[in-house]
Structures are given as C-alpha cells and as structure tokens.
Amino acid sequence: MRVLGVDPGLTRCGIGVVEGVAGRPLTMLGVGVVRTPAEAGVGERLLEIERGVERWLEEHRPECVAVERVFSQHNVRTVMGTAQAAAVAMLCASRRGLPVALHTPSEVKAAVTGNGRADKAQVGSMVTRLLRLDAPPRPADAADALALAICHIWRSPAMNRLQQAHAAARRSAPSRIPPTPKGTVR
C-alpha cells in the first residue's frame, strides 16, 4: 500500500509518502513541505497548497491519502488555517477518486510511538527508526506527515476488518421492527 500523509498547515503543510504493509518494513518514497508566504492572502495560500499536493499526487501515485484530523485548539485562527489546508488535501485526493482517511494526532502518536501524548521529538525519532533514515525529517511537519502515512498503513487492516464485520452484522441481523400484521395500521 502506498500512502500520502498530509500534516495540514497554512504556512507549512507537511507531505510524506510511505509504502508497505502492516507487519513488514516500510519504505519512505518522499518527504517534504509545501510552504506558503505568511503575507499572501488565504486564497493564494490555499491555491499554493493545492498545487503542491497535486504535484505529490501526480509524482507518487498513492493508493490513499491520510490527513491529520483537525482538533480544537485555543487559537481559532490557527485551527481555521489548518482545517482549510486539510480540506484542500482531501479535495485533491477525492478529485482523483482516492480514499481519504482522517487520523487524530493522539492516534498517530500512539501508533508510531506507543504513547498518544508523545512529543514531536519522540515522533521524529520513531519515524527515523521505522523508516531506517539517517536523520529525522525536518521540519517536524514533514516527520508528522510520514507518521500519518505509517499510522494508516498499520491501522488500515484492522479498520477494514471492523468495517467488514459491521457490514456483515447489519446484513445478517433481523429487522428490529416486527412485520405489521395485515389490516393493522401503525
């Protein structure tokens, strides 16, 4: 499975591509950051993020895209920019018919480090180890994007099994509403 991980941000949008399957060594295919100038208008910045994500999608041809789920922060302005960048990444993937998975920061940290409250240095260190890199990717947004891709590769088999079990249970479960006897009005 080839996954494009996106750590959304309006100033720095981390992007990383990881290939592999759960239980086997993973391979980093690329990592980087789409940067936008702080003095540019929001619309211009979002267009630049779209261009960057599209370049990565075109070059690496992932099978799916994993995006960090935006969570509430105290700084509403920061959360808005992050949400807008995340939406651009999801739009680019959806335009190509690629599945999009959203993962929370604590879910990613727990998957990669074993600790949902790990700091950025711990995430960077484990990404470096898991992908057998010489040094942690810089800036941290790039390492976070790789961590998102790793998390998705590792979690997707279990998520798929849960979805299949849920679908099978819905198909086999009898209706909870008994049939209406003839001549009865409900």
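Residues numbered from 1 in each chain as written. Predicted model: local features only at pLDDT ≥ 70, side-chain atom pairs only at ≥ 80, totals over all residues. Heavy atoms only, no water.

Chemist: What is the right way to look at the side chain of Asp-141 in this model?
Modeler: Relative to the helices and strands, Asp-141 resides in helix H5 (residues 140–172). Since its relative accessible area comes to 12%, Asp-141 is described here as buried. Polar contacts involving the side chain of Asp-141 include one to the side chain of Arg-12, which spans 2.7 Å. Residues contacting Asp-141, with those up to four places away along its chain left out, are Asp-7, Arg-12 and Gly-14. (Helix = DSSP H or I, 4+ residues; strand = E, 2+ residues; numbered from the N terminus. Buried < 20%, exposed > 50% of the residue type's maximum accessible area, 1.4 Å probe, protein only. Polar contact = N/O pair within 3.5 Å; in protein donor to acceptor, adjacent residues only side chain to side chain. Contact = heavy atoms within 4.5 Å.)

Chemist: Mind showing me how you'd approach the packing of helix H3 (residues 105–113) against helix H4 (residues 120–130) here?
Modeler: Packed helices, taken two at a time, are described by the angle their axes make and the gap between the axes. Closest axis-to-axis distance for the H3/H4 pair is 9 Å, and the angle between their directions is 50 degrees. When the axes of H3 and H4 are compared, the pair comes out oblique. The way H3 lies across H4 gives a crossing that is left-handed. When H3 is examined against H4, the residues Lys-109, Val-112 and Thr-113 are found in contact with a partner set consisting of Gln-122, Val-123, Met-126, Val-127 and Leu-130. Taken together, the residues of the contact of H3 with H4 break down into five nonpolar, two polar and one charged. (Axes fitted to C-alpha atoms, helices over the stretch in contact; angles between N-to-C directions. Parallel < 35°, antiparallel > 145°, perpendicular 65-115°, else oblique. Left-handed = near helix turned anticlockwise from the far one by under 90°. Nonpolar A, V, L, I, M, F, W, Y, C, P; charged D, E, K, R; others polar.)

Chemist: Is there a simple way to explain the sheet that holds strand S3 (residues 27–35) in this structure?
Modeler: What holds strands together in a sheet is hydrogen bonding between their backbones, with the strands either parallel or antiparallel. Here we have five strands laid out as an open sheet, ordered S3-S2-S1-S4-S5, and mixed in their pairing. The two strands at the open ends of the sheet, each matched to only one other strand, are S3 and strand S5 (100–103). Each neighbouring strand pair of the sheet contributes to a mean axis angle of 20 degrees, computed without reference to strand direction. The strands that helix H2 (residues 76–95) touches are strand S1 (2–7), strand S4 (64–68) and S5; relative to S4, the one it contacts most, it runs at about 170 degrees. (Pairing = 2+ DSSP bridges.)

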